[in-house]
Amino acid sequence: MAASIASTKCVAKHALINLVFYNGNTTNFKMHIESEHSLPKDHNSSSVRPSTSGVKPGTSETVIEHKQLTLPCLLGNTKSPKLGMERKQNIDQALMKLVVGKVLPPSLVENQYFTDFTKNLEPRYKPPSRKTLMQSLSAKKEDIEQQIRNEIKQCTGLSLTHDGWTSSATESYNTATVHYIHNWELKSAVLNTVKMEGSHTSEKISESVLETKTKWQLPDCIATTDNAANEKKAFALLNMPRFGCYGHRINLVVKNSLTGSNEVSRILGKARRLVTLFHTSSSVNDKLIEKQKLLLTKGVGHKLIADVSTRWNSSLAMLERILEQLPALMAVATDKSKATEVVCAEKVPTINKVIPVVLKLQMGLKENTDDPAIIKSLKRKMAKQLEIRSEIEDLALLG
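Residues numbered from 1 in each chain as written. Predicted model: local features only at pLDDT ≥ 70, side-chain atom pairs only at ≥ 80, totals over all residues. Heavy atoms only, no water.

**Some details on the confidence of the model for the protein chain**
Detail in the predicted coordinates should be disregarded across regions flagged by low pLDDT.
And step 1. On average, residues of the protein chain carry a pLDDT of 79, and 72% of them reach 70 or more.
And step 2. Scored below 50 in pLDDT, residues 1–9 shows 21 contacts in the model against residues more than four places distant or in partner chains.
And step 3. Confidence over residues 41–52 falls short of pLDDT 50; this stretch has 27 contacts with residues more than four positions distant or in other chains. (pLDDT = per-residue confidence, 0-100. Contact = heavy atoms within 4.5 Å.)

Listed below in structure tokens is the structure:
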């Protein structure tokens, strides 16, 4: 409907009649919209009072005079405007981030509780179907892949990290991650995660790395891996320069030194048995929580930490948590009903820090005359392990 508006007259050109406003208000126009354009008429009729109506002499214009509606009455009868396209796209993008970031199933959009939740947040928003969401995620994945390809092409140098890991479902995977600088910003992107069936042989690893390198058209680059023999051989088969992760080496130094000391091994063994007791007995754990509330100001609700051979610094974390909980643990141990059970029980580069860290560790492992015998023995073992694992070729590669 096109309309020309003057101070006292509005003409609806696509209607059969003309409307004339003699009282300087828009009530007649509202009445026309209601009758000709299906505007809901469930407003409070008491607020509208007809006065006179008829045809203006000498014209075909119909004159309708009413008392003007109040603003709340008028707004209460109009429907909410539709959700804008830009607003809907922003919500869809946020939904995709939620699904990917929290690893949620796409069927979430069909869940009644989720749809009720979105209705309360934004009644005008209708979540996409599961099929539409999957299509949007696939398109987003392709866009991000293309963006990474374009950024990699602009880089004169990049590096690759490769590592094997095991999921909580005891399934083995290999992951390749690329690192590069774009617009003076250090970026990382996971290029490939492959499930590894059977033995993790160097041939399988080299095939996986070569497939990733070919798919992403990566130039020759240096790779960083752990110090496992299969990783070393895999990159030797590919003729790719490889640097062993020095954090992993330091962890191996500590691990082998601790296991080589009988005194430390006994302490760790007792700590592991203690942690296992509290992890496997709900009644003992409940008793620990009770004592925490009575005796501790900090650490209430903290559980004991079990060390894991593949998790760095986990033995230290286990011992620190036991020391934190020592008052509560002693209280549980003195409880007659439980005493027997207790007694039996990717943003900054770091390669430049390797040499300084190694030198600092070597200095820290020097024996002092006032060191106890056990500390001297432990320092000698750690220094020997550090010397063995500081390979000459890797230090030359750093230079």
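The discussion continues.
**Side note on the sheet that holds strand β7 (residues 172–182)**
In a beta sheet, neighbouring strands pair by backbone hydrogen bonds and run either parallel or antiparallel.
And step 1. The five strands are arranged β8-β7-β6-β9-β10 in an open sheet whose pairing can be described as mixed. Either end of the sheet is taken by a strand with one partner, and the two such strands are β8 (185–195) and β10 (242–244). Strand after strand, the sheet turns through a mean of 25 degrees between neighbouring axes, direction not considered.
And step 2. The sheet strands contacting helix α7 (residues 229–237) are β6 (158–166), β9 (222–225) and β10, and the helix crosses β6 at an angle near 140 degrees. (Pairing = 2+ DSSP bridges. Helix = DSSP H or I, 4+ residues; strand = E, 2+ residues; numbered from the N terminus. Axes fitted to C-alpha atoms, helices over the stretch in contact; angles between N-to-C directions.)

**Digging into the pattern of salt bridges**
And step 1. Summed over all chains, the structure comprises 14 salt bridges.
And step 2. A salt bridge links E171 to K195, with the nearest nitrogen and oxygen atoms 3.4 Å apart. In this pair, E171 is assigned in the loop between β6 and β7 and K195 in strand β8, connecting sequence segments 24 residues apart.
And step 3. Of the charged contacts, one joins K213 and D220 as a salt bridge, the two residues approaching to 3.0 Å between their closest N and O atoms. (Salt bridge = Lys/Arg side-chain N within 4 Å of Asp/Glu carboxyl O.)

**Topic: helix α4 (residues 112–121)**
And step 1. All of the buried residues in α4 are F114, T115 and T118. Looking straight down α4, one finds its buried side chains confined to an arc of 95 degrees; they lie on one side. The outward face of α4, more than 90 degrees from its buried face, is lined by the exposed residues Y113, F117, K119 and N120.
And step 2. Against the buried residues of α4 lie α3 (85–101).
And step 3. A distance of 2.8 Å separates the backbone nitrogen of Y113 from a side-chain oxygen at the start of α4, and that oxygen is part of N111. (Buried < 20%, exposed > 50% of the residue type's maximum accessible area, 1.4 Å probe, protein only. Arc of directions from axis to C-beta. Polar contact = N/O pair within 3.5 Å; in protein donor to acceptor, adjacent residues only side chain to side chain.)

**Some details on unusual backbone geometry**
And step 1. The phi dihedral of V103 is positive, around 50 degrees, even though this residue is not glycine.
And step 2. In this fold, V103 is placed in the loop between α3 and α4.
And step 3. The exposure class of V103 is exposed, given its relative accessible area of 71%.
And step 4. Within the chain, N183 stands out as a residue other than glycine whose phi angle is a positive 55 degrees.
And step 5. If you trace the backbone, N183 turns up in the loop between β7 and β8.
And step 6. By relative accessible area, which is 65% here, N183 ends up exposed.

**A closer look at the pairing of β6**
And step 1. Looking at chain direction, β6 and β7 are connected through nine bridges and run antiparallel. Within the sheet, the bridge partner assigned to T166 lies in β7 and is S172.
And step 2. Hairpin connection from β6 to β7: five residues lie between these consecutive antiparallel strands, with T170 at a positive phi of about 55 degrees.
And step 3. Here β6 pairs with β9 via three bridges, running parallel. Among the inter-strand pairings, S159 is bridged to a residue of β9, identified as I222.

**Quick word on the packing of aromatic side chains**
And step 1. One pass over the full model with this rule turns up two aromatic pairs.
And step 2. Geometrically, the ring pair formed by W165 and Y173 is stacked, given 4.9 Å between the ring centres and 20 degrees between the ring planes.
And step 3. Taking relative accessible area as the criterion, Y173 reaches 18% and is therefore assigned buried.
And step 4. Centroid distance F243 to Y246: 6.2 Å. Interplanar angle 25 degrees. Geometry classified as stacked. This pair shows no difference in class: F243 is buried, exactly as Y246 is. (Phe/Tyr/Trp six-rings, centres within 6.5 Å; stacked < 30°, edge-to-face > 60°.)

**Points about helix α6 (residues 202–215)**
And step 1. If you check α6, its first and last C-alpha atoms are 20 Å apart, about what 14 residues at 1.5 Å a residue would give, namely 20 Å.
And step 2. On its buried side, α6 packs onto β6, β7, β8 and α7.
And step 3. Immediately beyond the C-terminal end of α6, within one or two residues, lies Q217, with a positive phi of roughly 55 degrees. (Expected span 1.5 Å × (residues − 1).)

**Here's the deal with the side chain of T115**
And step 1. The topology assignment puts T115 in helix α4.
And step 2. Here the side chain of T115 touches Q112 through a polar contact of 2.7 Å, landing on its backbone oxygen.

**With respect to a nonpolar patch on the surface**
And step 1. A grouping of L323, L326 and M330 is seen on the molecular surface, where their side chains present a nonpolar patch of about 310 Å² in accessible area.
And step 2. Checked against the element boundaries, L326 lands in helix α12 (residues 326–334). (Patch = residues over 30% accessible without salt bridge, like charges linked within 9 Å, V, L, I, M, F, W, Y side chains within 5 Å. Areas by Shrake-Rupley, 256 points an atom, 1.4 Å probe, with all protein chains shown as cover.)

**With respect to the packing of helix α9 (residues 262–280) against helix α10 (residues 282–295)**
Between two packed helices, both the angle of their axes relative to each other and the distance between the axes serve to describe the pair.
And step 1. Two elements in contact, α9 and α10, have axes separated by 5 Å at closest approach and are oriented at 100 degrees. It follows that α9 is roughly perpendicular to α10 by the angle criterion. Across the interface between the two elements, L277, F278 and T280 of α9 pack against S282, V284, N285 and L288 of α10.
And step 2. Taken together, the residues of the contact of α9 with α10 sort by class into four nonpolar, three polar and no charged. (Parallel < 35°, antiparallel > 145°, perpendicular 65-115°, else oblique. Nonpolar A, V, L, I, M, F, W, Y, C, P; charged D, E, K, R; others polar.)

**Examining the pairing of β7**
And step 1. Among the eleven residues that make up β7, ten are buried, leaving the element largely enclosed by the rest of the structure.
And step 2. Alignment of β7 against β8, held across ten bridges, turns out to be antiparallel. If you follow Y173 over to β8, its bridge partner there is K195.
And step 3. Hairpin connection between β7 and β8: a loop of two residues separates the two successive antiparallel strands, and N183 in this loop has a positive phi of roughly 55 degrees.

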